[in-house]
Amino acid sequence: MPLSLVPPPIRFDESLEHVEPDEAETAEQLIETLTRINQTTLEHEKHAHRSVHAKSHALLTGELIVPDDLPRELAQGLFARPGTYPLVMRMSTVPGDLLDDSVSTPRGMALKIIGVEGERLPGSDGDLTQDFVLVNGPVFSTPNAKRFSASLKLVAATTDRAEGAKKALSAVLRGTERVIEAFGGKSATLLSLGGQPETHPLGDTYYSQAPIRFGEYVVKVSVAPRSPNLTALTDAELNVNGKPNGLREAMVNHFAEQGGEWDLRVQFCTDLDTMPIEDASVRWPEEKSPYIDVARIVVPPQPAWNAARRAAIDDGMAFSPWHGLAAHRPLGSVMRARRVAYKVMAKFRAHHNNVVISEPRSITELDLT
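The name given to the chain in an unreviewed UniProt entry is catalase, with the source organism recorded as Luteibacter jiangsuensis.

Colleague: Can you walk me through the environment of Pro122 in this structure?
Modeller: Assignment of secondary structure puts Pro122 in the loop between β3 (107-114) and β4 (129-135). Of the residues examined, Pro122 reaches a relative accessible area of 44% and is grouped as partly exposed. A sequence separation of 202 residues divides Pro122 from Gly324, and the C-alpha atoms of the two residues are 9.0 Å apart. If we ignore the near neighbours within four places in the chain, the residues touching Pro122 are Trp322 and Arg339.

Colleague: Looking at this structure, I do not really get the pattern of salt bridges. What am I missing?
Modeller: If you walk through the whole model with that rule in mind, you get 19 salt bridges. Across the pair Arg329 and Glu17 runs a salt bridge, and its minimum N-O distance is 2.5 Å. In this pair, Arg329 is assigned in the loop between α7 (307-315) and α8 (333-353) and Glu17 in the segment before α1 (23-45), connecting sequence segments 312 residues apart. For Glu17, a relative accessible area of 12% corresponds to the buried category. Several salt bridges converge on common partners, so that one network encompasses Glu14, Glu17, Glu23, Glu278, Arg329 and Arg336.

Colleague: How should unusual backbone geometry be read in this particular structure?
Modeller: Note: most peptide bonds trans; most residues except glycine with negative phi. A positive phi angle is found at Lys46, which is not glycine, with a value near 60°. Relative to the elements of secondary structure, Lys46 occurs in the loop between α1 and β1 (55-66). What makes Lys46 exposed here is its relative accessible area of 66%. Phi is positive for Gln209, which is not a glycine, with a value near 70°. Looking at where Gln209 falls in the secondary structure, it is placed in the loop between β5 (206-207) and β6 (212-214).

Colleague: I keep staring at the packing of aromatic side chains and nothing clicks. Help me out?
Modeller: The final tally for this structure, using the stated rule, is five aromatic pairs. Aromatic side chains Phe214 and Phe268 sit 5.8 Å apart centroid to centroid with 85° between the ring planes, which places their arrangement in the edge-to-face category. Separated by 54 residues along the polypeptide, Phe214 in strand β6 and Phe268 in strand β8 (residues 260-268) bring together distant segments of the chain. Overall, the relative accessible area of 1% leaves Phe214 in the buried class. Members of the aromatic cluster, each reached through a chain of ring pairs, are Phe79, Phe214, Tyr217 and Phe268. Stacked on the ring of Phe319, the Lys or Arg Lys112 has its end atom at 5.0 Å from the ring centre. A cation over an aromatic ring shows up here: Arg248 above the ring of Trp305, its NZ or CZ 3.9 Å from the ring centre.

Colleague: Explain the confidence of the model for the chain here, please?
Modeller: Detailed reading of predicted coordinates is not advised where the pLDDT is low. Per-residue pLDDT for the chain has a mean of 89; in total, 89% of the residues score no lower than 70. Of the regions scoring below 50 in pLDDT, residues 162-194 engages in 54 contacts with residues more than four places distant in sequence or in other chains.

Colleague: What's the story with the pairing of β3 in this structure? I'm lost.
Modeller: If a strand is regular, its side chains alternate between the two faces of the sheet. Judged by how many residues are buried, β3 sits mostly within the fold: eight of eight residues are covered. What you see with β3 is no split at all: Arg107, Met109, Leu111 and Ile113 on one side and Gly108, Ala110, Lys112 and Ile114 on the other are buried throughout. Where β3 and β4 come together, seven bridges link them in antiparallel fashion. Across the sheet, residue Gly108 finds its bridge partner in β4, namely Val135.

About the criteria used
- Residues numbered from 1 in each chain as written.
- Predicted model: local features only at pLDDT ≥ 70, side-chain atom pairs only at ≥ 80, totals over all residues.
- Heavy atoms only, no water.
- Helix = DSSP H or I, 4+ residues; strand = E, 2+ residues; numbered from the N terminus.
- Buried < 20%, exposed > 50% of the residue type's maximum accessible area, 1.4 Å probe, protein only.
- Contact = heavy atoms within 4.5 Å.
- Salt bridge = Lys/Arg side-chain N within 4 Å of Asp/Glu carboxyl O.
- Phe/Tyr/Trp six-rings, centres within 6.5 Å; stacked < 30°, edge-to-face > 60°.
- Lys NZ or Arg CZ within 6 Å of the ring centre and 35° of its normal.
- pLDDT = per-residue confidence, 0-100.
- Pairing = 2+ DSSP bridges.

Spelled out as structure tokens, the structure:
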């Protein structure tokens, strides 16, 4: 059955991307700032953490199920054939320092799908993984890599400093964000600075924010709660005051007794004027192109976080949208900057933690006990 989108999805073409002449310089500046964050947290924690999304709250395994009845437009890349793939899911918060959870910041979900065969992206030759890196907001905080590099310098300057002040500021920003949302708005800036509402992360919907190739087409990716026990947590308040690791505790408690299911969805680019490739801060209008389910994620009950999982997933893995199939090539300025930056940051962590970061070829390789 054909996809009933009007206008129809725009077909992928190399000309959709527009590389700025100074992007290499921007990438170098970004790497310099991210390295400064890494060095600051290394000095404080005596361990090399990620320069963004440093604090994990759940380290999970499950399955991605691709159905056998997808129409041709949806049967692209990884989703071209029905099947079940093991996956790793890492849930985190955005900052590069390990903050008390009462400093409420955006949440992330990173997926590593294992056993994926096909033509690979540059730098992932021979691997069998497909990563999706998602955040619980539909748009990126800045339009492009240059603006992101500039904003990250502020983050670097405040990394690992004045946590008490950050807690107080977070409370004020959450109040301001509630007022903005009451009038139908949302401020990416306030959310990133600590204005994220204190809700349960398992009820959130997560977004790629920037586009990727989807075989013949171009999409943004999203993961939304599916099972009733997760949809019941959407916008559910979660008070973590007095609990430095309250988000992690909530996830551990949840997965000790129950699992969860999510829908993996795609939103087709159907209009380049309102759905730009190079500006990740623009929300693609869902009334023009709704998100459509292409697969289901199933995560059973399990220990959601422990020392073995931290070693295997936090330290032993790197998540990047550039780990994957050529059919799912990341697109746009923000995604292009991630290609080199993520690789450099992974090498920093591997060197200082004296570990080998590699792409698993089977879920049985992971020691999670």
